Amino acid sequence: MSTPYPPQPWDLAGLGHLTTWSVPAEALPTLPFSARPVTVRGRAVVTTAFVAYSDAGQMAYDELLAAVVVRHGRRVGLSITDIWVDSETSMLGGRGLWGIPKDLAAFDGLHASVGGRPIAGARFTARRLPAVPLPVPVRGRVVQTLRERTVASPIRASGRMRPASAAWTIDEAGPLSWLRAGRPLASFVAEDFAMRFGS
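Residues numbered from 1 in each chain as written. Predicted model: local features only at pLDDT ≥ 70, side-chain atom pairs only at ≥ 80, totals over all residues. Heavy atoms only, no water.

Undergrad: Break down unusual backbone geometry for me, citing the residues and quoting the values.
TA: A cis geometry characterises the amide bond from Q8 onward to P9, with omega recorded as 0°. With respect to the helices and strands, P9 occurs in the segment before β1 (10–24). Positive phi, normally seen in glycine, also occurs at R41, with a value near 55°. Examined against the element boundaries, R41 turns out to sit in the loop between β3 (39–40) and β4 (43–53). (Helix = DSSP H or I, 4+ residues; strand = E, 2+ residues; numbered from the N terminus.)

This is the structure in structure tokens:
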């Protein structure tokens, strides 16, 4: 019986709006077993992103995620703790292939909500600096819990990064409320963003 989503790897493309945060380690949500946050003076690094994937890739859908920089064994990766998409195919594939805890949400540009209740929103203003192409595809790993095991899945991304200023609004009673304990460090707009996810 065929699965309701494409096999890995997924080749995706689109436009990303990213912010990195410094968050107290004690405020973080649960991470996969054997993954530990990378901390400096008790603070972890978190990335949030709104990504609009386009028809230039395998699937077109919108996404909001939060991911923690973690150490898994001797290597560093990202663990996605919270993520929403507006595609059931993406949701089922993310859960089934990689253990990514995707849920469904509604999107209106850089705003996401569930059942009419806001999750988060953002306003980005790109700075008047040239977008810098990544010199080589960036390789990394996403560390998740899949079928009661901690697994690390490869990712490869490329694109042009433009520095930006950003203002995020996080619902104080929503699932990303833990992020309100942190402070933003830097923001970027990822133009011509392309990613291969999985092996």
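Undergrad: An account of the side chain of H17 is requested, with residue identities and associated values reported.
TA: Relative to the elements of secondary structure, H17 occurs in strand β1. Once you skip the residues sitting within four places of it in the chain, H17 turns out to touch T48, A49, F50, L110, F124, F188 and V189. (Contact = heavy atoms within 4.5 Å.)

Undergrad: Tell me about the pairing of strand β12 (residues 138–146), and name the residues and values.
TA: One ladder, built from 9 bridges, connects β12 with strand β13 (residues 149–170); its direction is antiparallel. By the bridge assignment for β13, G140 is matched with I155. Count of turn residues in the β12/β13 antiparallel hairpin: 2 residues, of which R147 carries a positive phi of about 50°. (Pairing = 2+ DSSP bridges.)

Undergrad: Break down the pattern of salt bridges for me, citing the residues and quoting the values.
TA: Within this structure, the stated rule accounts for 8 salt bridges. Note that R196 and D11 form a salt bridge whose closest N and O atoms lie 2.7 Å from each other. With a gap of 185 residues between them, R196 in strand β14 (residues 183–197) and D11 in strand β1 connect regions that are remote in the sequence. Relative accessible area serves as the criterion here: at 35%, R196 is assigned to the partly exposed category. Across the pair R160 and E191 runs a salt bridge, and its minimum N-O distance is 3.2 Å. Of this pair, R160 sits in strand β13 while E191 sits in strand β14; the two residues are 31 residues apart in sequence, bridging distant segments of the chain. Each of R160, R162, E191 and D192 takes part in salt bridges that share partners, so that together they form one network. (Salt bridge = Lys/Arg side-chain N within 4 Å of Asp/Glu carboxyl O. Buried < 20%, exposed > 50% of the residue type's maximum accessible area, 1.4 Å probe, protein only.)

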